Amino acid sequence: MPKIGMEPLRRSSLVAATIAEVGRAGSLDVTVGQIAKRAGVSTALAHHYFGSKEQIFLSAMRHILRLYAEEVARELAQASTPLQRVEAIIRASFAPANFEPATVTAWLNFYVQARNNPEAARLLSIYQRRLRSNLLAGLRALLASDATTVADGLAAMIDGLYIRQALAAHPPSAEHALNLTQSYLTASLKVAA
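The rules behind the values
- Note on numbering: residues in each chain are counted from 1, in written sequence order.
- Where totals are concerned, whole chains, interfaces and linings use all residues; where local detail is concerned, this predicted model gives features only for residues with pLDDT of at least 70, and gives and counts side-chain atom pairs only at 80 or more.
- The basis for every side-chain value is the complete set of heavy atoms in the structure, and neither hydrogens nor water enter the calculation.
- Pairing of aromatic rings covers Phe, Tyr and Trp, the last counted by its six-membered ring, and requires centre-to-centre distances within 6.5 Å; plane angles under 30 degrees mean stacked, over 60 mean edge-to-face, and any other angle means tilted.
- Helix and strand definitions here come from DSSP, where helices need a minimum of 4 consecutive H or I residues and strands a minimum of 2 consecutive E residues; each element is numbered from the N-terminal end.
- For every residue, the accessible area obtained with a 1.4 Å probe (protein chains only) is divided by the maximum for its type, and the residue is called buried under 20%, exposed over 50%, and partly exposed between those limits.
- In what follows, salt bridge is the name for a side-chain nitrogen of Lys or Arg lying within 4 Å of a carboxyl oxygen of Asp or Glu.
- Every axis corresponds to a line fitted to the C-alpha atoms, with the helix fit spanning only the stretch in contact, and the corresponding angles, defined between N-to-C directions, vary from 0 to 180 degrees.
- In what follows, roughly perpendicular refers to angles from 65 to 115 degrees, roughly parallel to angles under 35, roughly antiparallel to angles over 145, and oblique to any angle outside these ranges.
- It is the rotation of the near helix from the far one that decides the hand of a crossing: anticlockwise by less than a right angle makes it left-handed, clockwise makes it right-handed.
- In this description, contact between two residues means that some pair of their heavy atoms is separated by no more than 4.5 Å.
- Under the scheme applied, nonpolar residues are Ala, Val, Leu, Ile, Met, Phe, Trp, Tyr, Cys and Pro; charged residues are Asp, Glu, Lys and Arg; polar residues are all the others, including Gly.

**Topic: the packing of aromatic side chains**
Per the counting criterion, the structure on display carries eight aromatic pairs. Taking 6.1 Å as the distance between ring centres and 40° as the angle between the ring planes, the aromatic pair formed by F94 and Y162 counts as tilted. You can see F94 sitting in the loop between α5 (82–93) and α6 (101–113) and its partner Y162 sitting in helix α8 (residues 147–167), a full 68 residues away along the chain. Like F94, the residue Y162 is buried in the burial classification. Where W107 meets Y111, the ring centres are 5.8 Å apart and the plane angle is 45°; that geometry is what we call tilted. Of the two residues, W107 and Y111 both sit in helix α6, four residues apart, roughly one turn of that helix. Overall, the relative accessible area of 4% leaves W107 in the buried class. Ring-pair connections join several aromatic residues into one group, and the members of that group are Y68, F94, F99, W107, F110, Y111, Y127 and Y162.

**Some thoughts on the pattern of salt bridges**
Per the counting criterion, the structure on display carries eight salt bridges. The partner of E21 in a salt bridge is R38, and the shortest N-O contact between them spans 2.6 Å. Separated by 17 residues along the polypeptide, E21 in helix α1 (residues 6–25) and R38 in helix α2 (residues 32–39) bring together distant segments of the chain. For R38, a relative accessible area of 43% gives the class partly exposed. Between R122 and E119 there is a salt bridge, and its shortest N-O distance comes to 2.8 Å. Here R122 and its partner E119 are both found in helix α7 (residues 118–142), three residues apart, which amounts to about one turn of the helix. On the accessibility criterion, R122 (42% relative accessible area) is partly exposed. Residues joined by salt bridges that share partners form a network here, namely E21, R24 and R38.

**Focus on the packing of α7 against α8**
For any two helices packed against each other, one specifies the inter-axial angle together with the distance between the axes. For the pair α7 and α8, interaxial distance at closest approach is 9 Å and the crossing angle is 135°. In terms of orientation, α7 and α8 fall into the oblique class. Handedness of the crossing formed by α7 with α8: right-handed. Packed against α7, whose contacting residues are Y127, L131, R132, L135, L136, L139 and R140, the element α8 presents A147, T148, V150, A151, D152, L154, A155, I158 and D159 at the interface. Its residues placed into classes, the contact of α7 with α8 shows 11 nonpolar, one polar and four charged.

In structure tokens:
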């Protein structure tokens, strides 16, 4: 009989192993056996906890989304002006834990999976609505009529830079991605002024 409290540790280990294996493979073309081996558990136990590779990956994306939300909350807690609020969202998007290669590869595969998997589509929709809402909360105070356009542009840049990070031979660094997105914000605010 397993020790009490081992299940959360094993689940967490399987989630971390999933992100690492997807990052290593560059796709969802990994097996539950590979994930389980990396996590140090049996394939049967991985199936017992999650049921399928699809469910393990969805749990990994929930974990990534939770970490992202925590980073956003930390950054927003330090923002006192509308501009600082928007900049906080941008910084959170390119924070080291959120923009590291294995996590970005998981995001890329998540975008693809959301096309055919209703649960992945629901999670992606929640992320997109929250990102847009958080950006608009700051932008509406800065821009009268263009807030929605700039929020959509910033969201597209963030997602696009994740795609470039996953696919490019020489991916942008988190610092470069942050600076590029910040430059877009600055230029958008000048045009609207």
